[in-house]
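An overview of the molecular structure
Read off the chains here:
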Amino acid sequence: MWEKEFNLTDRNSFGFNVKAENYTAITQIDTLESALADIAENNWPLLILGGGSNLILRQYIPGAVISIANMGIKVLADDEDLAIVEVGAGENWHNFIGHLLEMGLHGLENLALIPGNVGAAPVQNIGAYGVELADCFHSLTAYDRQTRSLVQLSRDECDFGYRDSIFKSAEQGRYIIWNVRFKLSSVFVPRLDYKALADYVLGEVLGDASGDALGQDSKTPTAHDVYKAVCDIRSSKLPVPTEIGNAGSFFENPVVAEKQYFELKDQYPNLVGHKDSAGLYKLAAGWLIDQAGWKGYVHAGVGVYDKQALVLVNRGKGTVDELTELSEMIFDSVKSKFGISLCVEPRFYPA
Ligand code: FAD
Ligand code: NAP
């Protein structure tokens, strides 16, 4: 079952040269159980690997790496407007979104083109353009390593937060997500809270330069229009991992109290921040890093992407050590300029 010294260079989106001591891809629950028995017997540490797009893998991964390759998309229930769709953890997220579009099931269009697999999507409650996975989440099935059984977890039990869930925080390592169920609608309601997305849908997709396309006599964007807009904007701003290694946003957006937000806003009138439902302010980490002068910066084999300062990139032969040095320099400079401590979003493994 185990492949020894398995090369993971094309299995991590930073494209770092990485080897796993033992690797296997799993498609059946009974094989997963025997793999876990081997792991217990050998006392191996375990990494569950999806598409490797939110991980920074170090050069050698001791113990075991398991890739969950459970596939399939099926409609479990379908009444007038709502459908419950179950999808295997091994399916590619973006392909799944494309499939839903073809099926006429809506709610996740704003999350198109996010790299990675379905099984990892609940881990950080993936989000983009004002929509997050939790908005359409129904439940999931996971293998519980503590009770050694398959369990169903509801939305509440996953305790989703802003780019967070029990799988990333309180219960990291306990559950192996096997499939995920979504509640989707056959009626499309566009979610255009993000100005960049709304502008693009109105101007580029619906072709209304006056920006009045959503007015009374206007055309209404279709699900396909929004999907296309999200794909176009993302393609113009973000590096494609197979061409330029990266893990998307390298830092989380910091959330600060109202007082701190207004103190910073007095000093930096162009500060980008958005009030959340708890009355706190989410600052755009990319803006802070850009203002601190890092956009396009090169450090040995790694650097800061020149179109989006929140994305750190592998320039070809970069290493995890170089990336760590660069992220520490950015952390220090943002801290000293704005008094804000940034937190790294992807997970370093081994920690
Ligand atoms: P991996 O990186 O393989 O794993 C991530 C974590 O999940 C690890 O801790 C892993 O152990 C765990 N995990 C993986 N599979 C399972 C499973 N079956 N069961 C339990 N744990 C599991 N994220 C966003 O939220 N929004 C974005 O808009 C976004 N844009 C991105 C753009 C780019 C260019 C890139 C490179 C990344 C972006 N990301 C974004 C981050 C990333 O794509 C998501 O976090 C994605 O869900 C990670 O999926 P993955 O399969 O690659 O997970
Ligand atoms: P952007 O549109 O330039 O916006 C900058 C920041 O402002 C984003 O971080 C976003 O927060 C916030 N924002 C913008 N409009 C908002 C609104 N109406 N309400 C609340 N917050 C608002 O961001 P971008 O860098 O081009 O990314 C576009 C989207 O893709 C974002 O949602 C981003 O999270 C997502 N993305 C995520 C990753 C990742 O790896 N996590 C990578 C690439 C893109 P949010 O980040 O909370 O949305």
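Read on for an overview of the structure. As the structure is a prediction and not an experimental result, all values here were calculated from the model.

Tallying secondary structure elements over the protein chain gives 8 helices and 20 strands in all. Since a compact globule built from 351 residues should have a radius of gyration of about 20 Å, the 21 Å found for the protein chain is in line with a globular shape. Structurally, the protein chain occupies a C-alpha span of about 65 × 55 × 35 Å along its principal axes. Considering the protein chain as a whole, with its 351 residues, one finds that 48% of them fall into the buried category. When contacts within the protein chain are restricted to residue pairs at least 6 apart in sequence, those whose partners lie at least 24 apart make up 62%. For the protein chain, the exposed surface amounts to about 16700 Å²; the carbon and sulfur share of it is 48%.

Right, let's talk about the nonpolar core for a bit. In terms of nonpolar packing, the biggest core is built from 49 residues, with Trp93, Phe96, Leu108, Leu140, Phe182 and Leu197 touching the most fellow members. For this core, the secondary-structure elements that each account for two or more residues are strand 7 (82-88), helix 2 (93-103), strand 10 (137-144), strand 11 (149-154), strand 12 (175-185), helix 4 (195-205) and helix 5 (223-237). Counting residues per element, this core draws most heavily on helix 5, which supplies 7 residues. Contacts of leucine 140, omitting those with residues within four sequence positions, involve Pro122, Val151, Gln152, Leu153, Cys158, Phe167, Ile177, Asn179, Val180 and Arg181. Counting residues in hydrophobic clusters, the runner-up holds 44 residues, among them Leu49, Leu55, Ala309 and Leu326.

Running from N to C, helix 4 and helix 5 point in directions that differ by 110 degrees, and their axes come no closer than 9 Å. Taken together, helix 4 and helix 5 sit at an angle that is classed as roughly perpendicular. Together, Ala196, Leu197, Tyr200, Val201 and Val205 of helix 4 and Asp225, Val226, Ala229, Val230, Asp232 and Ile233 of helix 5 make up the contact between the two elements. Tallied by class, the residues present in the contact of helix 4 with helix 5 amount to 9 nonpolar, no polar and 2 charged.

Before going further, it helps to examine the site of ligand 1. Lining the immediate surroundings of ligand 1 are 33 residues, of which Ile48, Gly50, Gly51, Ser53 and Arg234 lie closest. At a separation of 2.7 Å, an oxygen atom of ligand 1 approaches a polar backbone atom of asparagine 54. Between an oxygen atom of ligand 1 and a main-chain N or O atom of asparagine 117, the distance comes to 2.8 Å. When ligand 1 sits alone it has 980 Å² of accessible area, and the protein chains cover 93% of it. If you list the elements that add at least two residues to the shell around ligand 1, you get strand 3 (46-49), strand 8 (127-128), strand 12 and strand 13 (245-249). A class-by-class count of the residues in the shell around ligand 1 yields 18 nonpolar, 12 polar and 3 charged.

The local shell around ligand 2 holds 18 residues, among which Tyr162, Tyr194, Lys237, Lys282 and Gln308 are the closest. A distance of 3.3 Å separates a nitrogen atom of ligand 2 from a polar backbone atom of aspartate 193. One of the backbone N or O atoms of serine 249 is found 2.8 Å from an oxygen atom in ligand 2. Where the shell around ligand 2 is concerned, the elements lending two or more residues are strand 8, helix 5 and strand 13. For the shell around ligand 2, the residue count by class is 6 nonpolar, 6 polar and 6 charged.

Conventions adopted
- Residues numbered from 1 in each chain as written.
- Chains lettered and ligands numbered in written order.
- Predicted model: local features only at pLDDT ≥ 70, side-chain atom pairs only at ≥ 80, totals over all residues.
- Heavy atoms only, no water.
- Helix = DSSP H or I, 4+ residues; strand = E, 2+ residues; numbered from the N terminus.
- Rg over C-alpha atoms; globule rule 2.2 N^0.38 Å.
- Buried < 20%, exposed > 50% of the residue type's maximum accessible area, 1.4 Å probe, protein only.
- Contact = heavy atoms within 4.5 Å.
- Areas by Shrake-Rupley, 256 points an atom, 1.4 Å probe, with all protein chains shown as cover.
- Core = buried A, V, L, I, M, F, W, Y, C linked by side-chain atoms within 4.5 Å.
- Axes fitted to C-alpha atoms, helices over the stretch in contact; angles between N-to-C directions.
- Parallel < 35°, antiparallel > 145°, perpendicular 65-115°, else oblique.
- Nonpolar A, V, L, I, M, F, W, Y, C, P; charged D, E, K, R; others polar.
- Near = heavy atom within 4 Å.
- Polar contact = N/O pair within 3.5 Å; in protein donor to acceptor, adjacent residues only side chain to side chain.

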